[in-house]
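Examination of the molecular architecture
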Amino acid sequence: MCQTFGMKILLVEDDPTLGEAVMLAARQAGFAVDWSQDGVQAENALAGYAYDAMLLDLGLPRREGLQVLRNLRKRGATLPVMILTARDTVEDRVRGLDAGADDYLLKPFALDELLARLRALLRRAHGVADTQIRIGRLNFDSVKRQASMGEAPLVLSAREMEVLEILLHHAGRVTAKEAIADRLTGWDDGVGENAVEVYIHRLRRKLEGSGVAIRTLRGLGYLLETER
Amino acid sequence: MNREKRQSLRRQLIVRMLAMMLPLFILLWAIAYFSSQYFINAAFDRSLMRRTFALADRVEVLHGRIQVDLPVAARELLVFDQEDLLFHSITSPDGRVVEGERDMPRLPARKPIRPGQLIVYDGVKDGAKVRVAAFALSLKGTSASGAALVQVGETLTRRSVLAGRATLAIVIPMLLMTLTAAVAIAFGVGRGLEPVSRLRDRLSARQAFDLSPVPLEGTPAELRPFLDEINSLLQRLSEAVEAQSRFVADAAHQLRTPIAGIRTQAEAALASARHEDAQHALARIARSTQTMGDLVQKLLILARVDAAENTLRLIRLDGAAVMRAVAREWAPQALAKGVEMGFEMKGGEAWLRGDAQLLREMLANLIDNALRYGGTRIALTVCGSEQGVTWLVADNGPGIPEPQRAAVFAPFHRLSAGVGGAGLGLTIVQRIAHLHGAAVSLEAGKGGTGLVASVKFPPA
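As the structure is a prediction and not an experimental result, all values here were calculated from the model.

Some words on the overall build of chain B
The helix and strand inventory of chain B stands at ten helices and 14 strands. Burial analysis of chain B (460 residues in total) assigns 27% to the buried set.

See the structure below:
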């Protein structure tokens with residue numbers, strides 16, 4: 001579990017029911033929360049304190065959420081910002097991300113998802129995620145290029161290591177077989193999709209007992225999942 | 001049918017033209033008849049006069065008596081004709097008929113004939129109309145003073161035959177001209193109305209929701225005001241439709257924040273509630289708001305599909321790639337629910353014409369349905385063929401009984417309670433399929449188990 005102690009976030013939401021619920025839930029999850037109910041109030045809060053993250057509604061009284069975000073980025077502030085909004089067209093998303101948002105969550109959302117994404121944002125902002133990945137009992141360090149199961153190091157060939165890294169980076173999503181073959185071809189010549197199957201087969205055996213399994217989805221690719 | 005006939009432009013034009021032509025035609029006929037009679041009479045009268053003079057030349061006075069020296073050949077000539085009856089007579093000044101017919105039509109009473117004068121007049125002989133030339137011949141050397149009367153007459157058969165022919169020679173071309181004009185009008189109206197029937201074909205081929213203006217190129221100028229009116233009506237209609245779907249979208253939008261409020265409150269309270277009853281109630285509230293959120297989302301999509309109707313641009317897409325991408329997106333969620341998802345390609349290349357965003361929405365709804373109502377496996381298949389691409393979404397769930405399959409496309413129709421669907425998924429699927437000219441159908445799976453939803457696209 002990521003450490004949230006001492007993290008302070010700014011919640012900007014003009015709907016009292018939703019704002020109050022998010023504030024309570026975030027506090028329960030261990031965050032310190034300030035709540036602003038309009039754009040101007042939010043800018044004043046941002047000027048007065050260096051928050052670790054901001055949850056921002058777009059349709060705000062007095063000053064639009066996107067304007068608050070643009071002003072913030074103009075001042076050079078880099079804190080992660082997640083937009084909470086009812087607008088969900090592709091153009092809306094693009095506009096939000098262009099204004100400097102890091103994530104975009106559509107209302108109504110599940111609280112669990114909000115908190116999970118908030119934690120991910122904070123992790124990324126503190127530069128942890130990219131080098132060290134931990135799933136089940138499996139640890140992976142992409143800088144040292146080492147994998148271990150619990151304390152015991154996992155012996156993998158260079159190509160097996162590469163395949164595992166791709167799968168880990170796509171954890172929770174389906175990785176196409178062609179995508180893996182393409183990546184391997186980058187530094188080795190002519191790796192066919194059949195070869196990919198061989199590496200997956202070997203990896204699967206080596207990952208037994210790690211709590212992590214590679215699932216094959218017919219016609220779609222592979223999915224790394226945590227065993228229950 | 002009757003009304004249609006009455007309103008036929010072609011018919012109206014022809015009837016009006018003929019109505020105008022008919023009196024003109026009768027007038028022309030009369031003019032032709034009388035003028036040809038006039039000229040023919042003039043010519044025939046001249047010949048009648050010549051013969052009268054020739055006969056007069058034969059009259060001599062011998063010993064105070066009038067004598068006519070008429071050779072047989074000349075007499076024959078005066079009597080014989082193929083068609084008409086010829087007759088003549090010579091009357092001495094004392095009223096005695098010297099030669100020829102005794103019973104001549106009487107001279108017109110009003111104008112007494114002077115010596116040396118020749119007149120031509122109409123009369124009746126033996127019940128037939130005749131034309132007679134009369135010459136008053138002055139005689140010298142007779143005891144009787146005055147003039148002898150030389151008359152030559154003929155019936156009118158040839159005159160009237162010729163007059164009739166001359167009239168026909170004028171009237172028949174005129175008649176032909178009129179008929180030609182009628183045919184030309186009938187044909188011309190057909191040709192002239194060709195743009196109208198082309199326009200009708202184009203309008204009847206329209207999709208129900210296509211409210212784009214009718215293109216004006218190639219339409220006759222006479223139709224412009226009419227088309228302008230239609231276009232302005234279409235414009236107002238599409239504005240109204242747009243306003244309505246914008247209203248639905250706005251309403252759905254506005255609902256999102258309060259729903260998020262309720263759901264988040266319920267979930268937050270659920271985490272801290274101690275009492276079991278409260279927990280149960282909060283869980284119910286959270287689930288209901290989730291369903292409500294789902295419904296609002298689908299209403300928004302429907303409104304967006306409606307709005308896309310007029311601005312839709314279909315482009316060439318790889319139907320297999322679209323399906324695979326959506327399948328990859330949904331696979332983790334399916335696995336989390338214990339449902340295995342697979343994808344398969346059959347046949348050749350799977351090109352189709354479509355809007356990628358809408359097609360993804362359609363597939364997402366089909367997969368969502370299979371996840372809600374289906375069993376433990378979802379098989380996605382794309383079949384490429386000459387006749388077009390077919391997408392199949394098959395599950396091994398309970399399926400839908402045949403009699404109910406048509407009804408599930410109706411908005412808000414749901415098969416079973418408690419699965420939390422909005423009842424709009426298949427409505428969205430069908431609307432999007434319709435925009436692509438594709439056909440959606442539901443069938444039982446292999447061996448009669450499960451459900452297979454198929455979307456059949458037209459060839460790209």
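Back to the text.
Focus on the pairing of strand β4 (residues 97-100) of chain B
Residues and elements named next belong to chain B. Summarising the sheet, strand β3 (residues 86-91) and β4 pair through three bridges and their orientation is antiparallel. In the strand pairing of β4, Ile90 is matched with Glu99. Count of turn residues in the β3/β4 antiparallel hairpin: five residues, of which Gly95 carries a positive phi of about 95°.

A closer look at helix α5 (residues 111-125) of chain A
Along its 15 residues, α5(A) runs 21 Å from first to last C-alpha, staying within 8% of the 21 Å computed at 1.5 Å per residue. Every buried residue of α5(A) is accounted for by A:Leu111, A:Leu114, A:Leu118, A:Leu121 and A:Leu122. Projected down its long axis, α5(A) shows its buried positions confined to an angular sector of 95°, all on one face. Structural note: α5(A) exposes A:Asp112, A:Glu113 and A:Ala116 on the side pointing more than 90 degrees away from its buried face. Those residues of α5(A) that are buried lie in contact with α1 (16-28), β3 (53-57), β4 (81-85) and β5 (103-106) of chain A together with α6 (224-272) of chain B.

Things to note about the packing of helix α9 (residues 356-373) of chain B against helix α10 (residues 425-435) of chain B
Residue and element names in this part refer to chain B. With their axes 9 Å apart at the nearest point, α9 and α10 run at an angle of 150° to one another. Viewed along their axes, α9 and α10 form a crossing whose handedness is left-handed. For the pair α9 and α10, contact is made by Leu358, Glu361, Met362, Asn365, Leu366, Asp368 and Asn369 and by Gly425, Leu426, Ile428, Val429, Ile432, Ala433 and Leu435, respectively. Residues of the contact of α9 with α10, tallied by class, amount to nine nonpolar, three polar and two charged.

Quick word on unusual backbone geometry
Residues and elements named next belong to chain A. Of note, the amide linkage connecting Lys107 to Pro108 takes the cis form, showing an omega dihedral of -10°. Structurally, Pro108 can be placed in the loop between β5 and α5. With a phi angle near 70°, Arg62 is a residue other than glycine that sits in the positive phi range. In this fold, Arg62 is placed in the loop between β3 and α3 (65-74). Judged by the 13 C-beta atoms lying within 10 Å of it, Arg62 falls in the partly exposed class.

Structural notes on the interface of chain A and chain B
Accessible area lost upon the coming together of the parts is a frequently used measure of interface size. Listed by partner, the interface residues are 25 residues for chain A and 26 residues for chain B. Elements with a contribution of two residues or more to the side of chain A that touches chain B: α1, β11 (212-217) and β12 (221-226) of chain A. Taken together, the residues of the side of chain A that touches chain B break down into 14 nonpolar, five polar and six charged.

Observations concerning α1(A)
With 13 residues, α1(A) ought to run about 18 Å at 1.5 Å a step, and its terminal C-alpha atoms sit 18 Å apart, in line with that. Within α1(A) the residues assigned to the buried category are A:Leu18, A:Gly19, A:Ala21, A:Val22, A:Met23, A:Ala25 and A:Ala26.

Here we look at the sheet that holds strand β5 (residues 118-125) of chain B
Residues and elements named next belong to chain B. The strand order β4-β3-β7-β6-β5 describes an open sheet built from five strands, whose pairing is antiparallel. At either end of the open sheet lies a strand with only one pairing partner, and these are β4 and β5. Between one strand and the next, the sheet's axes are offset by a mean angle of 20°, whatever the strand orientation. Pairing geometry for β5 and strand β6 (residues 128-138), over eight bridges, is antiparallel. Looking at the pairing, Gly123 lines up with Val130 of β6.

Structural notes on the sheet that holds β12(A)
Residue and element names in this part refer to chain A. The antiparallel open sheet is built from three strands, whose spatial order is β10-β12-β11. Edge strands, defined here as strands with exactly one partner in the open sheet, are β10 (174-175) and β11. Pairing of β11 with β12 involves six bridges; the strand directions are antiparallel. Within β12, the residue paired with Arg215 across the bridge is Leu223. This element, helix α6 (residues 158-169), spans β10, β11 and β12 of the sheet and lies at about 70° to β12.

Conventions and cut-offs
Residues numbered from 1 in each chain as written. Chains lettered and ligands numbered in written order. Predicted model: local features only at pLDDT ≥ 70, side-chain atom pairs only at ≥ 80, totals over all residues. Helix = DSSP H or I, 4+ residues; strand = E, 2+ residues; numbered from the N terminus. Buried ≥ 20, exposed ≤ 12 C-beta atoms within 10 Å, placed from the backbone. Pairing = 2+ DSSP bridges. Expected span 1.5 Å × (residues − 1). Arc of directions from axis to C-beta. Contact = placed C-beta atoms within 7 Å. Axes fitted to C-alpha atoms, helices over the stretch in contact; angles between N-to-C directions. Left-handed = near helix turned anticlockwise from the far one by under 90°. Nonpolar A, V, L, I, M, F, W, Y, C, P; charged D, E, K, R; others polar.

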